[in-house]
Structure formats: C-alpha cells, structure tokens
Amino acid sequence: MNDFLKNIFRIALFILIQVYVLNKIHLHRFIIPYLYYLPILWLSFSIPRAGLLFIGFVTGLTLDYFMMTPGLHAAACVLIAFVRPFVIGILTPKDSSEFNYREPSPRAMQWTPYVIYVFILTLLHHGYLVFLEWLSFGSFLGFIIKVAGTTAISMLLIITVELLFPRKLRFRTNTAA
Amino acid sequence: MRNIFLFLRRYRAFLVFIFLQVVSLWFLFSYNRFHRAKFLGIANEVTGRINAQYNTVEDFFSLKEENRKVHRYNDSLLNLLRRNFMMRDTSVETGNGLLPSDTGNKYRRYFLRPATVIYNTVTSQKNFIQINRGSSQGIKDNMAVISSDGSAVGVVINVSANFSQVMSLLHVQSTVSASLKKTGDLGTVEWDGKDPRYLIMKRVPKSADVKVGDAILTSPVSFNFPPGYMIGIVSDFKLDNTSGMYSLKLKTAANFYNLQQVHVIENLDYDEQVKLNQDTKRKIDDIKKTPR
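What counts as what
Residues numbered from 1 in each chain as written. Chains lettered and ligands numbered in written order. Predicted model: local features only at pLDDT ≥ 70, side-chain atom pairs only at ≥ 80, totals over all residues. Heavy atoms only, no water. Core = buried A, V, L, I, M, F, W, Y, C linked by side-chain atoms within 4.5 Å. Buried < 20%, exposed > 50% of the residue type's maximum accessible area, 1.4 Å probe, protein only. Helix = DSSP H or I, 4+ residues; strand = E, 2+ residues; numbered from the N terminus. Contact = heavy atoms within 4.5 Å. Patch = residues over 30% accessible without salt bridge, like charges linked within 9 Å, V, L, I, M, F, W, Y side chains within 5 Å. Areas by Shrake-Rupley, 256 points an atom, 1.4 Å probe, with all protein chains shown as cover. Salt bridge = Lys/Arg side-chain N within 4 Å of Asp/Glu carboxyl O. Lys, Arg positive; Asp, Glu negative; His and termini not counted. Charge placed at Lys NZ, Arg CZ, Asp CG, Glu CD. Buried area = accessible area lost by both parts, 1.4 Å probe. Pairing = 2+ DSSP bridges. Axes fitted to C-alpha atoms, helices over the stretch in contact; angles between N-to-C directions.

Section: the nonpolar core
Part 1 of the argument: Leu38(A), Leu41(A), Leu53(A) and Tyr117(A) are the most contacted members of the largest nonpolar core, which has 57 residues in total.
Part 2 of the argument: Of all the elements in the fold, those that place two or more residues in this core are helix 1 (3–20), helix 2 (38–42), helix 3 (49–67), helix 4 (72–91), helix 6 (111–135) and helix 7 (140–164) of chain A together with helix 2 (12–30) of chain B.
Part 3 of the argument: Looking at which element gives the most residues to this core, the answer is helix 4 of chain A, with 13 residues.
Part 4 of the argument: In this structure Tyr117(A) touches Leu41(A), Arg84(A), Val87(A), Ile88(A), Leu91(A), Pro104(A) and Met109(A), once residues within four positions along its chain are discounted.

Okay, here's the thing in structure tokens:
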C-alpha cells in the first residue's frame, strides 16, 4: 500500500478508536487512556520535518473537533511532532545508514530505545495537554497525578499494541526511493 | 538580506512549529464562553453524522434501561394530568408549563421537544453532549435540556442545521440557578471538575435549613429552565466561613454515564425576558451617569 494512504488510514482508525472506545472507558476521573497519537510516532524516519508538524496538527485538530476542544490536542501533537526528530537522533546511532527499517518500531530500534522514545513523547504530550487543560482551572497536585496516571495507562496501551499487532516492516533499500 | 533568507531556511522547521503552536493556542483561547470557534459549524455537522451512525449501535445495548425510565416518567406525567384535571383553576398548573396571565387566559410558556443523545463525555473538565436535533428542527441557543426521567442535564450552546451541542452540567463553566425544594432558598449549581457523580451548589444563605437528603430543583428565577425539575440530592454540606454561605455537595439526579433520550425545553418568553433584563441594566447605567 502507498505510504500516504496507509498513514491516513492509520490516523483515521486511531482517532475513531480514541473517540468511540477509549473516551467511553470511565477508568477514573483523572485518567483518559490516550492512544490516538501513536500513528505520529510510527511515521517514517525520512519524513520532512515541516510535513511532520502539519500531520501532527491535522491529527490533533481532527480529534479536537470530536471532543469540542479546538486547538488543545492540536497543540500537544505539534509539540511531539517537533520534538520527535531530536529524540530519534539521541536514541539511535548517528550514522543514518544504520537505519535498516523505514519507521520506528521495537524491531527497528531495539526494545529499550523504542520504549524510551515512546515514553519521552508520551510524557511531553500528556504534560502539555494537561497543562493547557488546567491553566484555566485546577491545582498543582491534581496536575501531577493526572500526568502520571494518563502516561502510565498510555504506555501500557502502546506496549500492548506493539506486542499484539507487530507491524510488517519493510527494509529500506538503497536502490529506489 | 541573504542572512535573513539563510536564517529562514535554517530554522524553517522551528518557525513552522511556532506558527502551528500559535494557531492551536489561538483556537483554544478564542474558544470562549460562547463557543463560537472557527469552522465549528461545519465540523459539528460532520462529527454529528459519524456520531449518529455510532449511536445506532450503542443504543441497542441500553434499550432495557431506557424503557424502564420512559415508563417511569410516563407514569409520573399521567399522575400530573389527573391532578391538574381535578384542581383546574389553582396555581398547580404553573408547574405544568402554564402561567396564568393578567386576562385570566392561560398561555403556554414552555415547549418541550424530544431528542436523542448521540455523543456524550464525562471524563473531561469540559463535558459536552451532542443531540440529533438542530436549527432546522427548532433548536436554538440557550434552551434547557432535561433527561428522560425529568432531571436537569444542561443548556444548548451551539446549533448547526441538524445537530446541537449541549453544555453539560458537568462543565467547569456551567452555572445553573437552583433552589431547595423544602424552603425555596436560591443558589447556583456549578461543577468543580473533579467527580462526575457530584455537583456543587454555592451561595445558599446561612438561614436555610439544609439537611443531607434534601432535593435540589431548578429554580423559578431561571431564564432557561422551567421550575421544579430535579438537579440533585444533598449528600454533604459545609459552611463557608468567609462568605457566611453554605456550599452543598449534590449527587446528580441525571445519570450522565448513560444519557440517551432527552427533552429540549424552549422558554417562549426567553427573548423578551433577556431583553428586559438588558434594558434595565442600561437604564440604571444611564441614571448613574447623569448627575442629579
């Protein structure tokens, strides 16, 4: 399948899951299990940075219109889309020829770096999201608990997804683009 | 000049990042109390259609519970009818949406329309409900919404052609005027954003005789809600020493976790009442300005 179509399909699927499954789960009043931003973490290594930012913006804004919070998730997604290349740069070998696979995954990066990569971006996403949400309203202790709770549950979900649905990864070839 | 272009090229990603952040935050903070966000009308129509599809599936699983509620509410309505019939010319009829006017004729003050909830959250700080009726089906902003068992749910804040958004009582900016059933003391019902099972009622005077288990109803001085619909039951109360007023904790009467059928209530006098209110304010301001 075409990469472009595949990513659109993934983002749409994850947003529908977020809106109609995860938002309906009443775990606790502090905790919403977030998973919708995972396709942004799965985008190809070679994607241009400006494109990455726009994809993040559109993903976040689509979810926002379902949840009636224009701009909230968009801001958080743009932030992780911006930070993503730096985190990948730190966690993987500098020589880009070391990338044997096209997109981040436990197989492409090894489990430990991949989990750290997901954890940093998840923490940033939730931290920023909850910060914006509580700017107008809330207390500091509540803020910390909410960030910790949502991050823990998101990490659990993402690792479960990675174990249950391993993606078929294509090798990066040198011949054709 | 060349340096500027070099700078722009070098920090292109960063500038795009800043630009998108500013756009997002502008969306977020311009989304004010009256919720006139950019493109919201179109987005509402699109998400409404998807939500309606999803809801046909979800409805199926809660039919039984909903039937029970409808049956119970019908029952109470029948009781109301019989009572009205027997005491035709007493003030009981004000409770049924009719107010006696000066000429002795009754006129209709409130008009109810049924609607179905197609999307609803309780986990956010700002919860909204989407219903399958919009301006084409007679819904306007500021109409009150009650659940099928007659308890207050929220107020319509945005309308597209076929769908409406309702600001749930579980929204940190929601304020609804309320009164104690027993004594009639007035107060305001708000939400502190913490537990979706409980609401907070503020500014209840110290003189009110409050007990745990008292019923809280919509007040007779509200512009959107007709009086007498259930909001909640007092589960805890404490005296605020600084203001000398009670702050009550209410168990919500409506179950926000499984809302399905709702009634949208139109106050037919709403425009006139609001206009009178504004005119009075303006008049008083004018009097203050002119020296005497």
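Back to the text.
Some remarks on a positive patch on the surface
Part 1 of the argument: A cluster of like positive charges, contributed by Arg29(A), Lys194(B), Lys238(B) and Lys249(B), occupies part of the molecular surface.
Part 2 of the argument: Mapped onto the secondary structure, Arg29(A) falls in the loop between helix 1 and helix 2.
Part 3 of the argument: Here Arg29(A) falls in the partly exposed class, since its relative accessible area comes to 33%.

Overview of the interface of chain B and chain A
Part 1 of the argument: Between chain B and chain A, the residue contacts involve 39 residues of the former and 35 residues of the latter.
Part 2 of the argument: Between chain B and chain A, a total of about 3400 Å² is buried, with carbon and sulfur atoms accounting for 71% of that surface.
Part 3 of the argument: The interface formed by chain B and chain A includes zero salt bridges.
Part 4 of the argument: Among the elements of the structure, helix 2, helix 3 (40–61), strand 3 (110–120) and strand 4 (126–131) of chain B are those that each provide at least two residues to the side of chain B that touches chain A.
Part 5 of the argument: Among the elements that make up the side of chain B that touches chain A, the one with the highest residue count is helix 2 of chain B (12 residues).

Some details on the sheet that holds strand 9 (residues 186–190) of chain B
Residues and elements named next belong to chain B.
Part 1 of the argument: Spatial ordering of the closed barrel is given by 8-9-10-13-12-11, a layout of six strands whose pairing is antiparallel. For this sheet, the mean inter-axis angle between neighbouring strands, taken without regard to orientation, is 40°.
Part 2 of the argument: Bridge count between strand 8 (residues 176–180) and strand 11 (residues 215–218): three bridges; the pairing is antiparallel. Its bridge partner being in strand 11, alanine 178 is matched across the sheet by threonine 218.

Remarks on the pattern of salt bridges
Part 1 of the argument: The tally for this structure, following the rule as stated, stands at 14 salt bridges over all chains.
Part 2 of the argument: We note a salt bridge from Glu103(A) to Arg167(A), for which the minimum N-O separation is 3.0 Å. Here Glu103(A) is found in the loop between helix 4 and helix 5 (106–109), whereas its partner Arg167(A) is found in the segment after helix 7, with 64 residues between them in sequence.
Part 3 of the argument: Glu103(A) sits in the buried class, given a relative accessible area of 8%.
Part 4 of the argument: Look at Arg167(A) and you get buried, because its relative accessible area is 13%.
Part 5 of the argument: Between Arg197(B) and Asp195(B) there is a salt bridge whose closest N-O contact spans 3.0 Å.
Part 6 of the argument: The exposure class of Asp195(B) is buried, given its relative accessible area of 16%.
Part 7 of the argument: Sharing partners across several salt bridges, the network here consists of Asp3(A), Lys6(A), Arg10(A), Glu103(A), Glu162(A) and Arg167(A).

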